[in-house]
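Inside the fold
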Amino acid sequence: MSAPHLTPVKSETPDLEALLLAQKKAYLADPMPDRAARVRRLDKLHNALIDNKARIIAAVSKDFSNRSAAETELAEIMPLLDGIAFYRKRLRKFMKPQRRHAPLTLMPASIQVQYQPVGVVGIVVPWNFPIFLALSPLVGALAAGNRAMLKSSEFAPASGDLLKEIIADIFSEDEVTVVAGGVEVATEFTKLPFDHLVFTGSTQVGKIVMKAAADNLTPVTLELGGKSPVIIHKDFPIDEAASRIAFGKGINAGQVCVSPDYILCPRDKVNAFCTAFADSMSKAYPALRDNQDYTAIITDRQKTRLEGYLKDAEAKGAELITINPKGEHFNDTRKMPMTLILGATEEMLVLREEIFGPILPVIPYDSIDEAVAYVNDRPRPLAFYYFDWDKSRANDILARTHAGGACINDTMSHVMADDIPFGGIGPSGMGHYHGEEGFRNFSKAKGVVRKGRINATAFVAPPWDNFMFNSLKKLQAMRFRRRNIQE
Ligand code: NAD
């Protein structure tokens, strides 16, 4: 926690500085909240989620013009309640200082790592899960004893307003606060000297945010995007793979950072995959236009972007398979049917850009090594999915590929597992939240050496040519001989 001396930030929203200053002061007045205080904060959030469930579902749906209520419950509210319960149960263990090894040269001494709250955490929120992606990092930050300022997404204003109201109801402004606003506010927000900054959003904006944070040397957790691949092994039943992938890709109409972005499918199974995928989608969503289970696209701009990808692919010779069981039209709605793409090439936007919507290219491969090479030739993704019953082969593929997280024989479910870290690698992000790693991410691991009344240093102090120091040197020389290197 740095001292609360803030460089003035030129801003149309000057209260950002005042908010941060108030939080930093409040933090210094209560720098190490005990377990009970942290549990109290988590419990307030837990109750607010339960009490406001219907309002959250309604607000998110308003932002999307239709978001499936089940998806909001499953992917925003349930994992938050689980995440809170996870930390609540393990706080005592995570907060406990850890005893560490004392080297001979320091004995006698007690050596510890203490996990100290960093202070005030800034959290920048995207639009696609406007409640979960605001509160999930917050849960980790609060569990670790911090205060937090959140910047909600300008593209999910109803959710942002509700979030602000809920947070103001249960926390004081110097404990947790939400600010709304567009790029200008976001820009000023990310320039603030937070003690840690969590940014969830695109890789492109992530670079800008990291540069802004660098001016303050603020550590960042970047939760970014990218193209998350799926590889289906030739021995895996293709219908089963298609139905599991359809479930994941259907959620939020593909507007998920870990949504399957493209499928690497054995060449002779591509047609069977497309048929089975279309069947699964049609069973899950027999109609689209007025079906409240099928989520719409967040804004006209995003819909235009996705339609642009389809036009681009078609113009460059790809085959489009639109899954529209009732043959409906979507011109006057933000709904968009799921479309499979065959024959995609590297010149097409669908293979160059993150899709983030209901479009799924299916790319044939001839050997598993070729599929792995395809993934490894591209930027390291946020998620990687592999379908294969053979455990040792799956472990081999995991060892040969990099990704933020992975599922074997499933998609996206690793986000719901509270006990594992969530975060990207390279262009898909850095740092983690969730699990023990999340708690550590929002804590300073402070190494502490504590000496007692016996001070062995006194015996090995200068003048150096003394008996104790010479004995120490001899002992070390006996302990550390040159090793034979085994090639
Ligand atoms: P975005 O990068 O456009 O915006 C995210 C946030 O950044 C918003 O709050 C916005 O106000 C703010 N912002 C915009 N410009 C900024 C700037 N110049 N400086 C500082 N802040 C700025 O992303 P989005 O469209 O809201 O979300 C979609 C992207 O987010 C996709 O790429 C997706 O993969 C990614 N994403 C990642 C995760 C994850 O957990 N890794 C989760 C959801 C979404």
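Up top is the structure.
Let me sum up the structure you'll find in this document. Along each chain, numbering runs from 1 in the same order as the chain's sequence is written. Since the coordinates come from a predicted model, pLDDT governs what is reported: local features require at least 70, and pairs of side-chain atoms require 80 or more to be given and counted, while whole-chain, interface and lining totals use all residues. To get the side-chain values, all heavy atoms of the structure are used, and hydrogens and water are removed first.

1. Quick look at the site of the ligand
Residues are classed as near a molecule or strand on a simple rule: at least one heavy atom within 4 Å of it. Lining the immediate surroundings of the ligand are 27 residues, of which V125, E154, S202, L224 and E354 lie closest. Here an oxygen atom of the ligand sits 2.7 Å away from a polar atom, N or O, in the main chain of V125. In the model, an oxygen atom of the ligand is placed 2.7 Å from a nitrogen or oxygen of the E154 side chain. Out of a free accessible area of 850 Å², the ligand has 91% covered by protein chains. Where helices and strands are cited, they refer to DSSP runs of H or I of at least four residues and of E of at least two residues respectively, numbered from the N terminus. Those elements giving two or more residues to the shell around the ligand turn out to be α7 (183-190), β6 (196-200) and α8 (203-216). Two N or O atoms count as a polar contact when they lie within 3.5 Å, although within protein this holds only if one can serve as hydrogen donor and the other as acceptor, and sequence-adjacent residues are included solely when both atoms are side-chain atoms. Using the Shrake-Rupley algorithm and a 1.4 Å probe, accessible areas are obtained, with residue cover drawn only from the displayed protein chains.

2. Quick look at the sheet that holds strand β9 (residues 260-266)
Within the open sheet, the seven strands sit side by side as β10-β11-β12-β9-β8-β13-β14. Their pairing is mixed. Two strands in the sheet have a free side with no partner beyond their single neighbour: β10 (319-323) and β14 (405-408). Strand-to-strand twist across the sheet, computed as the mean angle between neighbouring axes with direction ignored, equals 20°. Residue contacts are defined here by distance: any two heavy atoms, one from each residue, within 4.5 Å place the two residues in contact. Axis lines are fitted through C-alpha atoms, for helices just across the contact stretch, and the angle between N-to-C directions can take any value from 0 to 180 degrees. Together, β8 (228-232), β9, β10, β11 (338-342) and β12 (359-365) form the strand contacts of helix α10 (residues 270-284), whose direction differs from that of β11 by roughly 175°. Two strands are counted as paired when DSSP detects at least two bridges linking them.

3. Comments concerning the state of the cysteines
Defined simply, a disulfide is a covalent bond joining two cysteines at their sulfur atoms. Disulfide: a pair of cysteine sulfur atoms within 2.5 Å of each other. Under the definition given, this model contains zero disulfides. Unpaired in terms of disulfides, C265 finds its nearest cysteine sulfur in C274, a separation of 7.3 Å. Relative accessible area serves as the criterion here: at 0%, C265 is assigned to the buried category. Free cysteine C407: the closest other cysteine sulfur is in C257, separated by 12 Å. With a 1.4 Å probe rolled over the protein chains alone, any residue whose accessible area is under 20% of its type maximum counts as buried; one over 50% counts as exposed, and the rest are partly exposed. According to the relative accessible area criterion, C407 is buried, its value standing at 6%.

4. Some remarks on empty space enclosed by the protein
Site definitions follow a grid-based scheme: protein atoms alone, a 1 Å grid, a 1.4 Å probe that fits but cannot get out for cavities, and for pockets an open set with protein on both sides within 12 Å along at least five of seven lines, plus lining residues having an atom within 4 Å of a point. Grid points are joined across faces, edges and corners, and a volume is the space filled by probe spheres set on the points. Scanning all chains against the criterion turns up four cavities of 30 Å³ or more. For the largest cavity, the calculated volume is near 130 Å³. If you trace the largest cavity, you find 14 residues lining it, with P79, G83, S136, D418 and H434 closest to the centre. If you list the elements that add at least two residues to the lining of the largest cavity, you get α4 (69-95) and α5 (132-143). Considering every element that reaches the lining of the largest cavity, the biggest residue donor is α4, with five residues. Gly is put with the polar residues, along with every residue not named as nonpolar or charged; the nonpolar set is Ala, Val, Leu, Ile, Met, Phe, Trp, Tyr, Cys and Pro, and the charged set is Asp, Glu, Lys and Arg. Along the lines of polarity and charge, the residues of the lining of the largest cavity split into eight nonpolar, five polar and one charged. When residues of the lining of the largest cavity are assigned to domains, at least three map to each of domain 1 (16-225 + 433-444) and domain 2 (229-422). Each pocket or cavity is described by its volume, and for the second largest cavity that value is around 40 Å³. Together, G226, K249, G254, V256, C257, S259, P260, D261, E354, I355 and F356 line the second largest cavity. For every domain, the bounds stem from an assignment made automatically or drawn from a database.

5. Regarding the sheet that holds strand β16 (residues 443-451)
Taken in spatial order, the three strands of this open sheet run β1-β2-β16, and their pairing is antiparallel. The open sheet is flanked by β1 (98-100) and β16, the only strands paired with a single partner. Pairs of neighbouring strands in the sheet enclose a mean axial angle of 30°, with direction left out of account.

6. Structural notes on unusual backbone geometry
Looking along the chain, the bond that leaves M107 and enters P108 is cis, with omega of -5°. Considering the arrangement of structural elements, one finds P108 in the loop between β1 and β2 (109-117). The residue A253 is not glycine, and still its phi comes out positive at about 50°. For A253, the location among the structural elements is in the loop between α9 (238-250) and β9.

7. Digging into the environment of Y87
Inspection of the secondary structure assignment puts Y87 in helix α4. What makes Y87 buried here is its relative accessible area of 3%. Distance from Y87 to D419, taken between C-alpha atoms, is 9.4 Å for residues 332 residues apart in sequence. With residues near it in sequence (within four places) discarded, Y87 still touches L42, F94, V139, G140, A143, H434, G435, G438 and F439.

8. Here's the deal with the packing of aromatic side chains
Classification of ring pairs rests on two measures: the distance between centres of Phe, Tyr or Trp rings, Trp counted by its six-membered ring, which must be within 6.5 Å, and the angle between planes, read as stacked under 30 degrees, edge-to-face over 60 and tilted in between. All told, the structure shown has 14 aromatic pairs when counted by the stated rule. When the centroid spacing of 4.5 Å and the interplanar angle of 45° are considered together, the rings of F236 and W389 count as tilted. With a gap of 153 residues between them, F236 in the loop between β8 and α9 and W389 in the loop between β13 (383-387) and α14 (391-400) connect regions that are remote in the sequence. Between Y285 and Y294, the ring centres sit 5.0 Å apart and the planes meet at 65°, which makes this aromatic pair edge-to-face. With relative accessibility at 10%, the residue Y285 sits in the buried group.

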